[in-house]
Every structure is written in C-alpha cells, then in structure tokens.
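Chain by chain, the residues run as shown.
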Amino acid sequence: MLGCERKRKRREKEKMAKPKDYTIGLDIGTNSVGWVVTDDQNNILRIKGKKAIGARLFTEGKVAAERRSFRTTRRRLSRRRWRIKMLEELFDEEIAKVDPSFFARLHESWISPKDKRKRYSAIVFPSPEEDKKFHESYPTIYHLRDKLMKDDQKHDIREIYIAVHQMIKARGNFLHDESVETYRSGMSSLGGRSERNILSVQTLEELNDLFAENEGTEEVELNVASAEQINDILTGGHLNADSQKEISNLLLPSSFPSFDDKAKEKQVKKLINNVATNISKAWLGYKADFSTILNLAKVDKDQKKIFAFALQGGDEEDKVQELESLLEQSQTDIVDRLIEIRHAIVLSEIVPVGMTLSEAMIDKYDQHKEDLITLKAVIRNTKDKKKAAKLQAIYDLYVKNRHADLAKAMKLTGIKKRSELLDPEELKKGISSLLDDSPEAVEIKQRLEEKTFLPLQRSNNNGVIPNQLHQVELDEIIKKQSKYYPFLAEKNPDESEEAQKKAPTKLDALLTFRVPYYVGPMITKEEQEAQNGH
C-alpha cells in the first residue's frame, strides 16, 4: 500500500510540474533523428527524471535508383531470352532437317567439358573436328557475318543461325531515328558513298542557341564557319592531343565580343577560350571540366570531381547522371548535345567511313593481331625480365586471357581491376613506363598516344552502335540466303505501312521490336490466370 501511495504522489507532482506550453524539436537526417523538448524559454525539460533530449539511429535508406537498375537489367535479360526463343522457333524446322541436336548442344555450351552433366563434346557442329574447322574459317562472329553478307553461295543453316543469333542478342541502341537506308548509304562496300557527316554548320548553330539560352554563357558563340574543317578532322581518324588543340582553335570565333568595360571584354574572351578547349577535350574523350563549359561561378571542392571527367569508359553513364542531377534544364541540354556529338565521333572510330560494322570489326581483329606480334617482339627483346613479365601480365589482363593466371598478373602489375586497362590513358600509362627505346617500342608509344594500339572488338564504347547497323547486315544476309531458305524472307505479320517500311520481314521485326518504356513485366495469359486464380 505504501508503494502505491508513493507512485500516486509522484504522478501528481509530475502533473503539477508539467508546463502548459512546450516545443518539440526534430533534426531528421538520412540515418538518424535527433529530438529535444523545451519550454518557452528554450530550457530542456525533464521527463521521468531525465533530460528530454536524444537521438534515434537507424540504417540509411537506399534510393530507388539502385533497385530500379537491377529491375531494368532483369527485364532486359528476360526480353533478350524471349527474342532468342522466338528466333529458335523460326529456325527450328529447317535446322531439325540436318541436325536435330543443334539447339541442345547450344543450350549446354556454357557447361564445362569437365562437368559430368555435359553430353556433347562440340557446340556448333556434331564433332569437335567440324567445330575446329568452323572456328578456323571464322575466327570471330564478324568474319562469319561478313561472309554471309557478301557470298551468294548457299551456306549451312547453322552458320546463318549463329550469325543472326548474335545480332538478335546484342542488337545495338535505339537512340537514333534515321532509317536503315540512311546508314546503308554510307557503306561503300554495299553500294553507298564513302563519306560521313558528324559536325555540320547546323550542329554548331544549335549549340550556340543552347549557350545563348543558358544563364552565364550568353556571350559564348562558336565559329560555325569552321564546321566543315572540324568534321574533316573528326572523320579523318587517328585523333590525338594535336587534333584536340586544332579543333579548339577552329571553334574560336573570328572576332570576340567587344565591350566598353575592357575588364569584362577580357573576361568574356577568356571564357570562350576555356569553353572551346574543354568542348574539344570532351569530344575527343579527354578529361573535360563541365563547370567551365557551363561557366558555373562556384563549385564546391567536394563536387569538382563530379564536373571534371572524360566521356569514355564503362562508368560514363553513371558520371553523366551524377553531373546532370546538379544541373538546371538549360545546362543539361548543353551537356546532352555535347555527348551526342561525342558518341557520333566514337561510332566513327568504331565503324570508319565507308565500312560495314563487320568490316570494321575484322579490321580491328587484323590490327590487334599485327600489334600483338610487335608487342611480343618487344617482350622477347626486353633485357629486364621483370619488365618483360609485367608487359605480358598487362596484356593478359587487357584481353582477359583465360589461359593465364590473372590473379598473379594483377599482383605483379599492381592493377586492382581489369577494367582500368580498358581506359586508353591507363593502358598507355601501364605499358609506356616499361618500354625501351627500340624502334618497335617507339612505334608502340606513338600508337598508344593515338589510342589505336591493340584495338578490341568488344569494348564499352560499343554501346554507341545503333540498331540500324545490325539491321543493314541482317537484310543483306536475308537477301543472299533467302533464295536457298525462303523462310528467312517471311513477311512481317504487321501489315501497316510504317511496320513494313521499317521491318519488312519477321527477322527484321524481331531485331527492331521494342517494348515501350511504360510497359512493365511481360506475362502470358496462362501465367496471369495462374497468379490470379481466374
């Protein structure tokens, strides 16, 4: 009874001491909430004998972008599997006539030869000997595509499937609205002309308009009269630091704006010079400062790295997104236009003027083969065996040589990630310091400077390849081989004029069909009924 009486008195005392008015203050962060309770004089109150102040900690929440990227990837891979399944159905009847186990071999091609589950010893053809002959005839998929495009002779249906399968699997981007014929017209081997236009007067005029509409760059005006000269440099190949300086000078106006205020005149001249320099760097894949291009007065030290980077590498898209999250719409428009031009330049480097995509990739293969002979000669003749071993290790990492000990190579070179070497500047840094003064080494240094040494068929830059380049080659293969296999030219079931013009055959439709961005997961009627119960 005595204990209950004490509790009652304490509650009455607290009730009497409770102020009429009080304030709760909250400090809400990403992984904590701080709180305090005060009276009108900002004195911290006490609750149950303790000061009414504290903090609640919790795990920081993850932004939806990360989950969305995983979801997008799952959908992309799911839709790719759907396309491959449709392709198999189109080819199944014809392939079953000559090789009933063809698809079964392909489906288990990922299984190691040492795995007991593997039933077949070959992949494309029934025997290893036939497979070996096939790979000797076509060292890469692009050798096969090129042969099928240009050869009127009947080819094995399995070869045709392998070529079309690669196109359907990795079919390029859909960022450009130009017709297939527009791309075909630039391929001399297919009857087109040997010229390409990356930069035009109109392009520079549009860029000048964007600068004029953006606060802080109203006085920036690039020299539109030099568009043709710049285009010749960009399409001429072997772009290097000298090319960058030449383009920078050509972008400068013939006369700078004049002002009564000479200090302002000097300031504007400096701005235009800096803008031209950084634009030319951005276009050629060198590190550029976008805060200078946009004339941003104040950039925090922590954000400087966000604004200064090179438009290349696997993380380019992430860097651009991070940058544009800090910009206004008028600034983003300028950045996007510069990136479009950069991608056109990269595409020109991947597929030189007058070439098909396969011809360009075969050219890379042949060039890489020649460069490797030169590099091996340097490795053999290097007296310092430690340097020679490092050179070999760098090459093994660069090409991801499956016959080499890559873990040992990373330890020897100090390279933490193979992806570092895919940056031409990092590759140059890694190799140049190990080279001597021999004629072969001097040649390698020059080629590294030009970013043309050891070109790869597969690189991060391939993301700029448009879908239309693959369709051009698909249509050529259909044209050459449909006389032997009529099903290849089977018409697109969509009879609308637009569909027939864009994708006249079923294979074209499979290559070019896109699920609209606003459509969620693809689900069949049976799957929906199974989930809903009706």
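For the structure itself, consult the block above.
Below you will find a few notes about this structure. None of the values given here were measured: they were computed from a predicted structure. All chains use their own residue numbering, which begins from 1 and follows the written sequence. Local features in this predicted model are restricted to residues whose pLDDT is 70 or higher, and side-chain atom pairs enter the listing and the counts only when it is 80 or higher, whereas totals over whole chains, interfaces and linings include all residues. Remark: hydrogens and water are excluded; side-chain values derive from all non-hydrogen atoms of the structure.

**So, a negative patch on the surface**
The test is simple: Two distance rules govern patches: like charges are joined within 9 Å, and nonpolar side chains (Val, Leu, Ile, Met, Phe, Trp, Tyr) within 5 Å, applied only to residues with over 30% relative accessible area and no salt bridge. All accessible-area figures derive from a Shrake-Rupley calculation using a 1.4 Å probe, and residue coverage is judged against the displayed protein chains alone. One side-chain nitrogen of Lys or Arg within 4 Å of one carboxyl oxygen of Asp or Glu is enough to make a salt bridge. Charged-residue counts in this description rest on Lys and Arg as positive and Asp and Glu as negative, His and the chain ends being excluded. Positions of charges follow a simple convention, taking NZ of Lys, CZ of Arg, CG of Asp or CD of Glu. Runs of E in the DSSP output that reach at least two residues are strands. Runs of H or I that reach at least four are helices, and both are numbered from the N terminus.
On the surface, Glu 205, Asp 209, Glu 213, Asp 333 and Asp 336 cluster together into a negatively charged patch. Counting residues per element, the ones that place at least two in the negative patch are helix H8 (201-213) and helix H15 (329-350). Residue contributions to the negative patch peak at three residues, all from H8. Mapped onto the elements, Asp 336 comes out in helix H15.

**Here's the deal with the packing of helix H5 (residues 141-150) against helix H21 (residues 467-481)**
The cut-off we apply is this: Note on definitions: angles span 0 to 180 degrees between N-to-C directions of axes, and those axes are lines fitted to C-alpha atoms, for helices only across the stretch in contact. Roughly parallel covers angles under 35 degrees, roughly antiparallel covers those over 145, roughly perpendicular covers 65 to 115, and oblique covers all other angles. If you view the pair so one helix is near and one far, a crossing is left-handed when the near helix is turned anticlockwise from the far one by less than a right angle, and right-handed when it is turned clockwise. Only heavy atoms matter for contacts: two residues are in contact if any of them lie within 4.5 Å across the pair.
Relative orientation of the contacting elements H5 and H21 amounts to 50°, with a least axis distance of 7 Å. Between H5 and H21, the angle is such that the two are oblique. Of the two possible hands of crossing, H5 and H21 adopt the one that is left-handed. Residues Arg 145, Leu 148, Met 149 and Lys 150 of H5 touch H21, and the partners they reach there are His 470, Glu 473, Glu 476, Ile 477 and Lys 480.

**Regarding helix H9 (residues 227-234)**
Note the cut-off: Categorising residues by exposure relies on relative accessible area from a 1.4 Å probe, with only protein chains included: less than 20% of the type maximum marks a residue as buried, more than 50% marks it as exposed, and the intermediate range marks it as partly exposed. By definition, the arc is the one covered by directions from the helix axis to the C-beta atoms.
Among all positions of H9, only Ala 227, Ile 230, Asn 231, Ile 233 and Leu 234 are buried. Taken around the axis of H9, the buried residues stretch over an arc of 160°, which confines them to a single face. Next to the buried residues of H9 lie H8, helix H10 (241-251) and H15.

**Considerations on the sheet that holds strand S1 (residues 23-28)**
What counts here: Should DSSP find at least two bridges between two strands, the strands are regarded as paired.
One open sheet holds the three strands; their spatial order is S1-S2-S5, and the pairing between them is antiparallel. Only two strands of the sheet have a single neighbouring strand rather than two, namely S1 and strand S5 (53-57). Neighbour to neighbour, the strand axes of the sheet diverge by 15° on average, direction disregarded. Pairing of strand S2 (residues 32-38) with S5 involves five bridges; the strand directions are antiparallel. Directly across from Val 33, in S5, lies its bridge partner Arg 56.

**Brief notes about the side chain of Asn 492**
For the record, the criterion: Under the rule applied, a polar contact is a pair of N or O atoms within 3.5 Å (in protein, one hydrogen donor and one hydrogen acceptor; residues adjacent in sequence only if both atoms are side-chain atoms).
Mapped onto the fold, Asn 492 is located in the loop between H21 and helix H22 (497-502). You can call Asn 492 buried: its relative accessible area is 9%. In this structure the side chain of Asn 492 is engaged in a polar contact, spanning 2.9 Å, whose partner is the backbone oxygen of Ala 503. Each residue touching Asn 492, except ones within four places of it in the same chain, is listed here: Ala 499, Gln 500, Ala 503, Pro 504, Thr 505, Lys 506 and Ala 509.

**Digging into the nonpolar core**
Applied cut-off: What is meant by a nonpolar core is a set of buried Ala, Val, Leu, Ile, Met, Phe, Trp, Tyr and Cys residues, joined one to another through side-chain atoms within 4.5 Å.
In terms of nonpolar packing, the biggest core is built from 45 residues, with Phe 211, Leu 251, Ile 279, Trp 283 and Phe 290 touching the most fellow members. Among the secondary structure elements, those contributing two or more residues to this core are H8, H9, H10, helix H11 (262-283), helix H12 (290-293), helix H13 (304-307), helix H14 (316-324) and H15. If you tally residues by element for this core, the top one is H11, at eight residues. Residues within four places of Leu 251 in sequence aside, it is in contact with Leu 204, Leu 222, Asn 223, Ser 226, Ile 230, Ala 276, Ile 279, Ser 280 and Trp 283. Of all hydrophobic cores here, the second largest spans 31 residues; its members include Val 124, Ile 157, Ile 478 and Phe 487.

**Examining unusual backbone geometry**
Peptide bonds are mostly trans, and most non-glycine residues show a negative phi. Backbone geometry places Lys 48, a non-glycine residue, at a positive phi of 55°. Its location among the elements puts Lys 48 in the loop between strand S3 (46-47) and strand S4 (50-51). Residue Lys 48 is classed as exposed on the basis of its relative accessible area, which comes to 73%. Unlike most non-glycine residues, Asn 295 shows phi in positive territory, near 55°. Here Asn 295 is to be found in the loop between H12 and H13. Given the relative accessible area of 34%, Asn 295 is considered partly exposed.

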